[in-house]
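Observations on the model geometry
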Amino acid sequence: MTATDATTLDELDELPPFEAVNRYFDLAADAIDLDEEMRAILTTSYRELSVQVPLRRDDGSLTVAKAYRIHHNGARGPYKGGIRYHERANLDEVRALASLMSWKTALMDLPFGGAKGGIQIDPTGLSAGELERLTRRFTSAILHLIGPFRDIPAPDLNTNAQVMAWLMDEYSAGHGYTPAIVTGKPLALGGAPGREQATGRGCAYVMRAYAEDKGIELDGLRVSIQGFGNVGRWLADELDRLGANVVAVSDVDGGLHDPDGLSVRHLHQAVENGASIHDSGQGTWLPNDELLTLECDMLVPAAIGHVIHVGNAADIAADTIIEAANHPVTPGADAILAERQVTVVPDILANAGGVTGSYFEWTQNIQQFQWSEEKFCDELRRRMEEAYQGVRRRATALDVPLRKAAYAIGIERVAEASRVRGYI
Ligand code: NAD
């Protein structure tokens, strides 16, 4: 089944990840009358690497993982996109995520193309030594593809600053000290103060711009967040600062709910002490799928993809869904939500603070100069608000939902660069 063949809600729901993203692409491409030749270029990836990563385990056994690095489109600049370690990271999912990066970097008007990487492995339970060997082996397998002006990886699901440090070290061993090869690094290696928090904070800035636009008071607004990792955690922190009421959060083991609001400070403390949100001593436990249908004003999926689907879209109680995770709403669910007039703030806008912060880090590395965290956050806020306003204006002009408007802007920019570079 392809994006164009799918017609029923169930067919839309069953589209594989890349076809599902291409479904969103097609709807926006129709709205801007994109020609067929350009569609053929932009609905396929430019380059795809599939590679094996053998990992010698601490107990002497061997695990051979499948791994990928996909370059979707590089017309506007070096390829940019995170690397995830996840048992379900397969070729098609990574391909879909790479294309999302092309639309996201273009929407934010960053001088980058779109890429993504992944290793198909469950990293929970890997020792630090195993994680390091896995990362170095993967880096050596993609060395010929990456470079500070070719392809600049970053963290994603289950990868963090330490993983980026190993990647940077492996690359620098052959090329000399090169902090600009990767973003999301530790501060000691040229990481930027504010980058770790940038995706979550950027998402909060978009939520604030949206709320102001709609005349919604953030003070006391009830927000549920699925996922309390890098994105969910810093989003909760910023929302708390803005006066919102975080009524539910979750991690892979389930959620915590308190209709009167959870203490974000206690959740942070638990996680910082190496425990989990469930050790923060508050709220009642609930399964992740129930968190999604809880009574609240805004729902923020900030964990994995495809969590809002045809099976639960009719039960979402929130008026607004903010896609902090990548591709959390399937096209079938998107159609149901539109019918129910639930607003969806799309991933390529809502979580673009991460790649925008990565852009700040990369430019600082190239110039060997460091901004203050205050300057970082001010610039991030300005760009997120501007991007939101641009999407809102385009949505009004085309009379379409925010997702279609955001894709339209991103696609137009990538198409224009591809055209003038002579890709077709
Ligand atoms: P992370 O690994 O730091 O955290 C993921 C969180 O989700 C954890 O709390 C984990 O327990 C939870 N989780 C994992 N599987 C789950 C499941 N099946 N059900 C419910 N919760 C589950 O990852 P992250 O960096 O916070 O990324 C989260 C999402 O945001 C991903 O979709 C990622 O692609 C997207 N994203 C991340 C960044 C970034 O800068 N880190 C940027 C843009 C988009």
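What counts, and at which threshold
Residues numbered from 1 in each chain as written. Predicted model: local features only at pLDDT ≥ 70, side-chain atom pairs only at ≥ 80, totals over all residues. Heavy atoms only, no water. Helix = DSSP H or I, 4+ residues; strand = E, 2+ residues; numbered from the N terminus. Rg over C-alpha atoms; globule rule 2.2 N^0.38 Å. Buried < 20%, exposed > 50% of the residue type's maximum accessible area, 1.4 Å probe, protein only. Contact = heavy atoms within 4.5 Å. Areas by Shrake-Rupley, 256 points an atom, 1.4 Å probe, with all protein chains shown as cover. Lys, Arg positive; Asp, Glu negative; His and termini not counted. Charge placed at Lys NZ, Arg CZ, Asp CG, Glu CD. Expected span 1.5 Å × (residues − 1). Polar contact = N/O pair within 3.5 Å; in protein donor to acceptor, adjacent residues only side chain to side chain. Domains from an automatic or database assignment. Buried area = accessible area lost by both parts, 1.4 Å probe. Salt bridge = Lys/Arg side-chain N within 4 Å of Asp/Glu carboxyl O. Nonpolar A, V, L, I, M, F, W, Y, C, P; charged D, E, K, R; others polar. Phe/Tyr/Trp six-rings, centres within 6.5 Å; stacked < 30°, edge-to-face > 60°. Near = heavy atom within 4 Å. Bend = angle between axes of the 7 residues up to and from the residue. Pairing = 2+ DSSP bridges. Axes fitted to C-alpha atoms, helices over the stretch in contact; angles between N-to-C directions.

1. Digging into the overall build of the protein chain
Tallying secondary structure elements over the protein chain gives 15 helices and 12 strands in all. A compact globule built from 424 residues would reach a C-alpha radius of gyration of about 22 Å, and the protein chain, at 20 Å, matches this within 12%. Projected onto its principal axes, the C-alpha positions of the protein chain cover 55 × 55 × 45 Å. The 424 residues of the protein chain split such that 59% are buried. Sequence separation of at least 24 residues holds for 67% of the intrachain contacts in the protein chain that already meet a minimum separation of 6. Element-wise, carbon and sulfur atoms account for 47% of the exposed surface of the protein chain, whose accessible area totals about 16,800 Å². Taking the 40 positively charged and 60 negatively charged side chains of the protein chain as two groups, their mean positions are separated by 7 Å.

2. Some thoughts on helix H6 (residues 161–175)
Helix length check: H6, at 15 residues, gives a terminal C-alpha distance of 20 Å against a target of 21 Å (1.5 Å per residue), a fit within 8%. The N-cap residue of H6 is Asn 160: its side-chain oxygen and the backbone nitrogen of Gln 162 are 3.1 Å apart. At the C-terminal side of H6, Gly 176 shows a positive phi close to 85°.

3. Regarding the domain arrangement of the protein chain
Entries for the protein chain in the domain assignment read domain 1 (6–179) and domain 2 (198–350). Here the C-alpha centroids of domain 1 and domain 2 sit 25 Å apart. At the interface, 19 residues of domain 1 touch 18 residues of domain 2. Taking both partners together, domain 1 and domain 2 bury about 1,500 Å²; carbon and sulfur atoms supply 65% of that area. Counting every contact that joins domain 1 to domain 2 gives 0 salt bridges. Summed over the shared surface of domain 1 and domain 2, the result is 5 residue pairs in polar contact (both at pLDDT 80 or more). Taken together, the elements giving at least two residues each to the side of domain 1 that touches domain 2 come down to helix H1 (9–13), helix H2 (17–31) and helix H4 (91–107). When its residues are assigned to classes, the side of domain 1 that touches domain 2 shows 11 nonpolar, 1 polar and 7 charged.

4. Comments concerning the packing of aromatic side chains
On inspection of all chains with the given rule, the structure shows 9 aromatic pairs. Geometrically, the ring pair formed by Phe 112 and Tyr 359 is edge-to-face, given 5.9 Å between the ring centres and 85° between the ring planes. Linking Phe 112 in the loop between H4 and strand S4 (114–120) with Tyr 359 in helix H13 (residues 353–367), this pair joins segments that are 247 residues apart in sequence. Summarising the burial analysis for this pair, Phe 112 and Tyr 359 share the class buried. With a centroid separation of 5.9 Å and an interplanar angle of 65°, the aromatic rings of Phe 149 and Trp 362 are classed as edge-to-face.

5. Here we look at unusual backbone geometry
In this structure, Gln 341 takes a positive phi of about 60° despite not being glycine. As for its position among the elements, Gln 341 is in the loop between helix H11 (331–339) and strand S12 (343–345). In this model, Asp 399 sits at a positive phi of 55°, which is unusual for a non-glycine residue. Mapped onto the fold, Asp 399 is located in the loop between helix H14 (373–398) and helix H15 (402–420).

6. Regarding the site of the ligand
The full set close to the ligand counts 22 residues, and Asp 156, Thr 199, Asn 230, Val 252 and Asn 326 are the nearest of them. Separating an oxygen atom of the ligand from a side-chain N or O atom of Asp 156 is a distance of 2.7 Å. Asn 326 is positioned with one of its side-chain polar atoms (N or O) 2.9 Å from an oxygen atom of the ligand. Taken together, the elements giving at least two residues each to the shell around the ligand come down to helix H7 (195–214) and helix H8 (230–241). Classifying every residue of the shell around the ligand gives 9 nonpolar, 9 polar and 4 charged. Each of domain 1 (6–179) and domain 2 (198–350) accounts for three or more of the residues forming the shell around the ligand.

7. Quick look at the pattern of salt bridges
For the coordinates displayed, the defined rule picks out 31 salt bridges. Of the charged contacts in the structure, one is a salt bridge between Asp 30 and Arg 39, with a shortest N-O distance of 2.9 Å. For Lys 185, the salt bridge is made with Glu 361, and the minimal N-O distance between the two is 2.7 Å. Residue Lys 185 is located in the loop between H6 and H7, and its partner Glu 361 is located in helix H13; the two are separated by 176 residues in the primary sequence.

8. Notes on H7
With 20 residues, H7 ought to run about 28 Å at 1.5 Å a step, and its terminal C-alpha atoms sit 29 Å apart, in line with that. The largest bend in H7 amounts to roughly 30° and is located at Arg 201. Across the 20 residues that make up H7, a large majority, 15, are buried. Just downstream of H7, Gly 215 is the residue with a positive phi angle, here 70°.

9. Side note on the sheet that holds strand S11 (residues 320–322)
Within a beta sheet, neighbouring strands are joined by backbone hydrogen bonds and run either parallel or antiparallel to one another. Strand order in this open sheet of 7 strands is S9-S8-S7-S6-S10-S11-S12, and the pairing throughout is mixed. In the strand order of this sheet, the two ends are held by strand S9 (284–286) and S12, each with one partner. Each strand axis lies, on average, 20° off the axis of its neighbour in the sheet, ignoring direction. As paired elements, strand S6 (residues 222–226) and strand S7 (residues 245–251) share 5 bridges and run parallel to each other. Residue Arg 222 lies in a different strand from S7, and its bridge partner there is Asn 245.

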